[in-house]
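Residue strings, one per chain:
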Amino acid sequence: MTATPQLVVALDLPEKDAALTLAARLRGIVPWVKAGMELFTLCGPSVLSALKDMGFHVFLDMKFYDIPNTVAQAVRSAARSGADLITLHTQGGQRMCEAAREAADSLRAAGQPAPLLFGVTVLTSFGPGEMPGITAEPSAFAQELAQGAARWGLDGIVCSAQEVARIKAVAPSLACLCPGIRPEGSAQDDQRRIMTPAKAILAGADYLVVGRPITRADDPTEAARRILSEMHIEKA
């Protein structure tokens, strides 16, 4: 998927101008930015176009979870909007994930850009015993869902960095995108299953998603540079 681990900055901000101003400061420093539910709901597809024009790879994090046809159409819409990577919930099951795969493949066959498809396993805000109706521990459930994602043709999965090594062992074809990344000394906020950038890279993570430790820093560009330095040192 990617030979070098990638840093993704989550632009989880309540205003388009603020998000684009921050993105402009990070241009040339980080390769990827994330537009999630808050930003995309506020701004719509235009924010993806603006970020693409700045030269970023764009991760649209809407976590699609619906009937197979609806998700397939959403994949096509996301591609037209400029998303390079999108998320869908693996709990949507085999038919939903395969419909998303078929939609992306049809775009590629037609010579159009097709986004990478990453399946969400267990949100990093869940701790043990907090998932309604699910008795399995988060790490075990994430591994089970990742094995499904591999069978259903997804490009990668979203998981805690704590689960990467186990998932890579049973589903080596999948890239792992990891939120819940917190530099040493950062606030945990609402996350539960967290890990530092250095440990995440050593565990085998392919994409590290970092939001508040960068977006709320006094100097976001310096915060991003520190995390990139930690990532590269550990990978080397």
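Conventions and cut-offs
Residues numbered from 1 in each chain as written. Predicted model: local features only at pLDDT ≥ 70, side-chain atom pairs only at ≥ 80, totals over all residues. Heavy atoms only, no water. Helix = DSSP H or I, 4+ residues; strand = E, 2+ residues; numbered from the N terminus. Rg over C-alpha atoms; globule rule 2.2 N^0.38 Å. Buried < 20%, exposed > 50% of the residue type's maximum accessible area, 1.4 Å probe, protein only. Contact = heavy atoms within 4.5 Å. Areas by Shrake-Rupley, 256 points an atom, 1.4 Å probe, with all protein chains shown as cover. Lys, Arg positive; Asp, Glu negative; His and termini not counted. Charge placed at Lys NZ, Arg CZ, Asp CG, Glu CD. Phe/Tyr/Trp six-rings, centres within 6.5 Å; stacked < 30°, edge-to-face > 60°. Core = buried A, V, L, I, M, F, W, Y, C linked by side-chain atoms within 4.5 Å. Disulfide = S-S within 2.5 Å.

(A) Looking closely at the overall build of the protein chain. Scanning the protein chain for helices and strands turns up 10 helices and 8 strands. Computed over the C-alpha atoms, the radius of gyration of the protein chain is 17 Å, within 12% of the 18 Å expected from 2.2 N^0.38 for a compact globule of 236 residues. With respect to the three principal axes, the spread of C-alpha positions in the protein chain is 45 × 40 × 35 Å. Going through the 236 residues of the protein chain one by one, you find that 54% of them count as buried. Looking at the protein chain alone, contacts between residues at least 24 apart form 69% of all its contacts between residues at least 6 apart. For the protein chain, the exposed area adds up to about 10500 Å²; of that, 49% sits on carbon and sulfur atoms. When the 23 positive and 25 negative side-chain charges of the protein chain are each reduced to one mean point, those points stand 3 Å apart.

(B) Region of the structure containing the packing of aromatic side chains. In this structure the tally under the stated criterion is 2 aromatic pairs. When the centroid spacing of 5.7 Å and the interplanar angle of 90° are considered together, the rings of tryptophan 32 and tyrosine 207 count as edge-to-face. Placement of tryptophan 32 in strand β2 (residues 32–36) and of tyrosine 207 in strand β8 (residues 207–210) is noted, with a sequence separation of 175 residues between them. Judged by its relative accessible area of 7%, tryptophan 32 falls in the buried class. In this structure tyrosine 207 comes out as buried when scored by relative accessible area, which is 3%. Connected via pairs of aromatic rings, a cluster forms that spans Trp32, Phe118 and Tyr207.

(C) Seen up close, the nonpolar core. Among the nonpolar cores identified, the biggest contains 72 residues, and Leu7, Leu11, Val30 and Leu51 are the most heavily contacted of them. Sorting elements by how many residues they give to this core places helix α5 (residues 94–109) first, with 6 residues. Judged by nonpolar contacts, the second largest core, of 13 residues, contains Trp32, Phe59, Leu177 and Tyr207.

(D) Fine view of the state of the cysteines. Evaluation of the coordinates by the stated rule reveals 0 disulfides. Cysteine 178 carries a free sulfur, and the closest cysteine sulfur to it, the one in cysteine 159, is 4.2 Å from it. Judged by its relative accessible area of 0%, cysteine 178 falls in the buried class.

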